[in-house]
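Remarks on the overall topology
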Amino acid sequence: MRKLIILLILACLNGPFAAAQNPEPVALSDSSSWCMVLIPDPQTYTKFDYNHPTFELMMHWIKQNKRRLNIRLVFCTGDLVEQNQRTVPDGVNGNLPSDKQWQFVSDAFGILDDVVPYILCTGNHDHGFDRAENRYSQLNSFFPANRKSLYTGLLKGMFKNEAGIPTLENAWYEFQAPGGDRFLIVSLEFNPRAAVVAEAKALANKPEYSEHKVIYLTHSYMDSKGRRIEKEGYKITDVTCGKALWEKLVEPSANSSMVLCGHVVDEMSHRGHVGFRTDKNRAGRTVNQMMFNAQAEGGGWHGNGGDGWLRILEFHPDGKTVTVHTFSPLFAVSPSTVGLSLRTEPYDHFSFSLE
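Residues numbered from 1 in each chain as written. Predicted model: local features only at pLDDT ≥ 70, side-chain atom pairs only at ≥ 80, totals over all residues. Heavy atoms only, no water.

1. Describing the confidence of the model for the protein
Across the protein, the average pLDDT comes to 93, with 94% of residues at or above 70. Low confidence marks residues 4-22, where pLDDT is under 50. Its contacts with residues over four positions away, or in another chain, come to 28 contacts. (pLDDT = per-residue confidence, 0-100. Contact = heavy atoms within 4.5 Å.)

Next up, the structure:
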């Protein structure tokens, strides 16, 4: 049934219904740009089987628009599942056991395996039993370093998790943009341990990365008002929250360029799911810090997962300008809702500069 729903939706996107709507509700500002897609916390799509088609639709939309929008990278802000290791769902906060949630999100990202590299990080729900009671995660079982996926071509190394095993929970990737700019992408576990932060700092400061722009991807960092998180109430210990992460890693590193995160819902409106701020690092370079989430949109914590919202970061050919588009393939699929598929509020559609 789920496959049938997806086929019907894709038929609407590409069939006779497409002529009745704007066929390209989101487009590049500059035809020579390239794009990165940012996927917010998927947990509410994952925990209910009836929400799965929406997340699959988002993956299919990326696949179908990869060439038109020159999509080169996909990032996800973590909380891939609602419960990392629960065998019996309660039927309220999800109707699937954890192994089914992990298998679904693995299969959904599998739509992109031979299309575009994707880079993930772990959230609090991806550790422990329900919410980071310990640091055990099933990520490595479903997204191993040797997966037949394009991300392995960018993967350059992994730090060890708490069990002493190198996994994608803490990993780094190298990417060269079409215009020649080089990026070092560092994915960090939820509230990373002090040793991981120290290793990431040493990595970013290696001479071979002095000319790279460093992007840090981590689940929890700041809220919708741009305040870096100082403390969280989870059971795990040896944590580095957002404020400390800035002070110990991002600000001291001369090549820090961006921080991307999710996690926070300050209020149920869309404004409570997004945040942005800029600061200078120790070398005087501007660091752009973005929080993007959507998990409580479309009906709250037990709703449809987030109304299909994703962000398209358009990197212009000048190598400096980045334009943010906030877009929903779910709304774009129907002529009656396509007008709602592209957000234009200043906190959802804006530009910033990379240095």
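2. Side note on the nonpolar core
Membership of the largest hydrophobic core comes to 68 residues, with the highest contact counts inside it found for Ile39, Phe55, Met59, Ile62, Phe75, Phe109 and Phe143. In terms of residue count, the dominant contributor to this core is strand 1 (residues 34-39) (6 residues). In contact with Ile62, not counting residues within four places along its chain, are Val37, Ile39, Ile71, Val74, Leu112, Val116 and Leu310. Core analysis: the second largest hydrophobic core is formed by 26 residues, Ala200, Tyr209, Val250 and Cys261 among them. (Core = buried A, V, L, I, M, F, W, Y, C linked by side-chain atoms within 4.5 Å. Buried < 20%, exposed > 50% of the residue type's maximum accessible area, 1.4 Å probe, protein only. Helix = DSSP H or I, 4+ residues; strand = E, 2+ residues; numbered from the N terminus.)

3. Looking at the packing of aromatic side chains
All told, the structure shown has 21 aromatic pairs when counted by the stated rule. Ring centres of Trp309 and Phe331 lie 5.7 Å apart, and the angle between their planes is 75°; this geometry places the pair in the edge-to-face category. With a gap of 22 residues between them, Trp309 in the loop between strand 10 (286-292) and strand 11 (310-315) and Phe331 in helix 8 (residues 329-332) connect regions that are remote in the sequence. Residue Trp309 is classed as buried on the basis of its relative accessible area of 1%. For Phe331, a relative accessible area of 17% puts it in the buried group. (Phe/Tyr/Trp six-rings, centres within 6.5 Å; stacked < 30°, edge-to-face > 60°.)

4. A few points about the environment of Cys261
Structurally, Cys261 is set in strand 8 (residues 256-261). Its relative accessible area of 0% is what places Cys261 among the buried residues. For the pair formed by Cys261 and Phe142, sequence separation is 119 residues and the distance between their alpha carbons is 22 Å. If near-sequence neighbours (up to four positions away) are discounted, Cys261 is found in contact with Thr77, Thr218, His219, Tyr221, Met222, Met290, Met291 and Phe292.

5. Focus: helix 6 (residues 194-204)
Burial in helix 6 covers these residues: Val196, Val197, Ala200, Leu203 and Ala204. Projected down its long axis, helix 6 carries its buried residues within an arc of 125°, all on one side. Among the structural elements, strand 4 (155-160), strand 5 (166-176), strand 6 (182-188), strand 7 (213-218) and helix 7 (242-250) are those in contact with the buried residues of helix 6. (Arc of directions from axis to C-beta.)

6. Side note on the packing of helix 3 (residues 52-65) against helix 4 (residues 98-110)
Across the interface, helix 3 lies against helix 4 with an axial gap of 9 Å and an inter-helix angle of 25°. Classified by the interaxial angle, the pair formed by helix 3 and helix 4 is roughly parallel. The element helix 3 and its partner helix 4 pack so that their crossing is right-handed. Residues His52, Phe55, Glu56 and Met59 of helix 3 form the contact with helix 4, whose participating residues are Phe104, Val105, Ala108 and Phe109. Of the residues in the contact of helix 3 with helix 4, the class split is 6 nonpolar, 1 polar and 1 charged. (Axes fitted to C-alpha atoms, helices over the stretch in contact; angles between N-to-C directions. Parallel < 35°, antiparallel > 145°, perpendicular 65-115°, else oblique. Left-handed = near helix turned anticlockwise from the far one by under 90°. Nonpolar A, V, L, I, M, F, W, Y, C, P; charged D, E, K, R; others polar.)

7. Looking at the pattern of salt bridges
All chains considered together, the criterion is met by 16 salt bridges. Among the salt bridges present, the one from Asp130 reaches Arg86, with a minimum N-O distance of 2.7 Å. Placement of the pair is Asp130 in the loop between strand 3 (118-119) and helix 5 (139-142) and Arg86 in the loop between strand 2 (71-76) and helix 4, with a sequence separation of 44 residues. A salt bridge links Glu189 to Arg193; its shortest N-O distance comes to 2.8 Å. Overall, Arg193 belongs to the buried group, its relative accessible area being 9%. Here the salt bridges do not stand alone but share partners, grouping Arg86, Asp90 and Asp130 into one network. (Salt bridge = Lys/Arg side-chain N within 4 Å of Asp/Glu carboxyl O.)

8. Thoughts on the packing of helix 6 against helix 7
Packed helix pairs are characterised by how far apart their axes lie and by the angle those axes make with each other. Across the interface, helix 6 lies against helix 7 with an axial gap of 9 Å and an inter-helix angle of 40°. Facing Val197, Ala200 and Lys201 of helix 6, the residues of helix 7 in contact are Leu245, Lys248 and Leu249.

9. Some remarks on the pairing of strand 10
Of all 7 residues in strand 10, 7 are buried, a share of seventy percent or more. Here strand 9 (residues 274-280) runs beside strand 10; their pairing, made up of 7 bridges, is antiparallel. By the bridge assignment, Val274 is partnered in strand 10 with Phe292. Connecting strand 9 to the antiparallel partner strand 10 that follows it, the hairpin turn spans 5 residues, and Gly284 within it adopts a positive phi of roughly 90°. (Pairing = 2+ DSSP bridges.)

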